[in-house]
Amino acid sequence: MPALLTLTGAECAAVRPELTSWLRETLNGFGPTEKAWVLDFLDSKHADVRQVGWTWLLDSPVKDETDIWHKLIETPYDDVRTWLDEKLAGFLDTTNTDTLRILWATVLLSIHRSGRQKPGTVAQIVARLDQRPEDAPKLLPLLAVAVRSLRGPEFRAGLTGVVMLSEIKPELLPAIRQQFPELTL
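Our subject in this report is the structure included herewith. (Residues numbered from 1 in each chain as written. Predicted model: local features only at pLDDT ≥ 70, side-chain atom pairs only at ≥ 80, totals over all residues. Heavy atoms only, no water.)

## A closer look at the overall build of the chain
The cut-off we apply is this: Secondary structure elements are taken from DSSP: a helix is a run of H or I of four residues or more, a strand is a run of E of two residues or more, and numbering for both begins at the N terminus. Burial classes: relative accessible area under 20% of the type maximum marks a residue as buried, over 50% as exposed, and values in between as partly exposed (1.4 Å probe, protein chains only). Residue contacts follow a heavy-atom distance rule, with two residues in contact if any of their heavy atoms lie within 4.5 Å. Only the protein chains shown count as cover for residues, with accessible areas throughout obtained via the Shrake-Rupley method and a probe of 1.4 Å. The convention is simple: Lys and Arg are positive, Asp and Glu are negative, and His and the chain ends are not counted. One atom stands in for each charge, and that atom is NZ of Lys, CZ of Arg, CG of Asp or CD of Glu.
Along the chain, the regular secondary structure elements total 11 helices and zero strands. Put simply, the chain runs from its N terminus to its C terminus through helices and strands in the order α-α-α-α-α-α-α-α-α-α-α. Projected onto its principal axes, the C-alpha positions of the chain cover 60 × 30 × 20 Å. Residues counted as buried form 42% of the 185 residues belonging to the chain. Taking the contacts inside the chain whose residues are at least 6 apart along the sequence as the reference set, 59% of them involve residues at least 24 apart. When the accessible surface of the chain is totalled, it reaches about 9500 Å², and 57% of it is carbon and sulfur. Within the chain, the 25 negative side-chain charges are centred at a point lying 5 Å from the centre of the 21 positive side-chain charges.

Following this line, the structure appears as structure tokens:
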């Protein structure tokens, strides 16, 4: 199997689409889709292979396994991070808070990656709190990570989110004040 997966790195752009399609079909013939196979596609240095991997992920049963999403957060590829960020936004209504909290924390606490995704992640947290204010004890600490960030975009997104929440969900003010004693709201 590992020898077959090396084909995700095929250099010839002219044959790569057909080769990638053949590889996916061949791997599917071995039984249920394995996370490692899909991750190899998504970790390819070639964008066209990553696109096939993303489509495969969304069409496979492994899409419901949280650990695959954790691994994708560490991707060095902007296209995969963008798809992941869009997918996380779609999870707002359907995924339990603990799973989302882990994924969002991974993005917000990432030191070397995810810089462009952090403001979007903050917006997703605020949207979740708007829908489910009872999640405040679990999610406000994540906003605190953004508010206390030294990086401008994260700080501004976090502060904007906290102020927005204090205005649209006044019932959260006590929890917000407790989490952010340095802010005057």
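## As for the side chain of R50
Relative to the helices and strands, R50 is located in helix α4 (residues 47-59). Here R50 is in contact with F41, L42, S44, K45, Y77, D79, V80 and W83, once residues within four sequence places are set aside.

## Overview of α4
Think of an α-helix as 3.6 residues a turn; residues three or four steps apart then line up on the same face. To be explicit about the condition: Helices are assigned an expected span. That span is 1.5 Å times one less than the residue count. Each direction from the helix axis to a C-beta atom contributes to the arc, which is the arc of those directions.
In this model, α4 (13 residues) spans 18 Å end to end at C-alpha, consistent with the 18 Å of a helix rising 1.5 Å per residue. The complete set of buried residues in α4 reads V49, R50, G53, W54, W56 and L57. One side of α4 carries all its buried residues, which in axial view fall inside an arc of 165 degrees.

## Section: the pattern of salt bridges
How we decide: By convention in these notes, a salt bridge is any Lys or Arg side-chain nitrogen within 4 Å of a carboxyl oxygen on Asp or Glu.
Enumeration according to the criterion identifies 12 salt bridges in this entry. Salt-bridge contacts for E65 lead to K35; the nearest nitrogen and oxygen are separated by 2.9 Å. Taken as a pair, E65 in the loop between α4 and α5 (66-73) and K35 in helix α3 (residues 35-42) lie far apart in primary sequence, 30 residues in all. For E65, a relative accessible area of 31% gives the class partly exposed. Residue D98 pairs with R101 through a salt bridge whose shortest N-O separation is 3.4 Å. Note that D98 and R101 are positioned in helix α7 (residues 97-109) at a spacing of three residues, about one turn of the helix. Looking at R101, the relative accessible area reads 31%, which means it is partly exposed. Linked through salt bridges whose partners overlap, the residues forming this network are K35, E65 and D67.

## Focus on the environment of S166
Along the chain, S166 falls in helix α10 (residues 152-168). Its relative accessible area of 12% is what places S166 among the buried residues. When the C-alpha positions of S166 and E74 are compared, they lie 32 Å apart, and in sequence the two are 92 residues distant. In contact with S166, other than residues within four places in its own chain, are L173, I176 and L185.

## Notes on α5
Here α5 has its buried residues at I68, W69, L72 and I73. Buried residues along α5 cover an arc of 145 degrees about the axis, so they all sit on one side.

## Thoughts on the packing of aromatic side chains
Counted only if it meets this: Side-chain rings of Phe, Tyr and Trp (the six-membered ring for Trp) are treated as a pair once their centres are within 6.5 Å; stacked means planes under 30 degrees apart, edge-to-face means over 60, and tilted covers the remaining angles. When the NZ atom of lysine or the CZ atom of arginine is within 6 Å of a ring's centre and also within 35 degrees of its normal, the charge is said to sit over that ring.
According to the stated counting rule, one finds three aromatic pairs in the structure shown. Seen in terms of ring centroids, W54 and W69 are 5.8 Å apart; in terms of plane orientation they differ by 80 degrees. Their pairing is edge-to-face. Separated by 15 residues along the polypeptide, W54 in helix α4 and W69 in helix α5 bring together distant segments of the chain. The pair formed by W54 and W69 is uniform in burial state, with each residue classed as buried. Following the ring pairs from residue to residue traces out a cluster consisting of W54, W69 and W83. When the ring centre of Y77 is taken as reference, the NZ or CZ atom of R50 above it lies at 4.0 Å.

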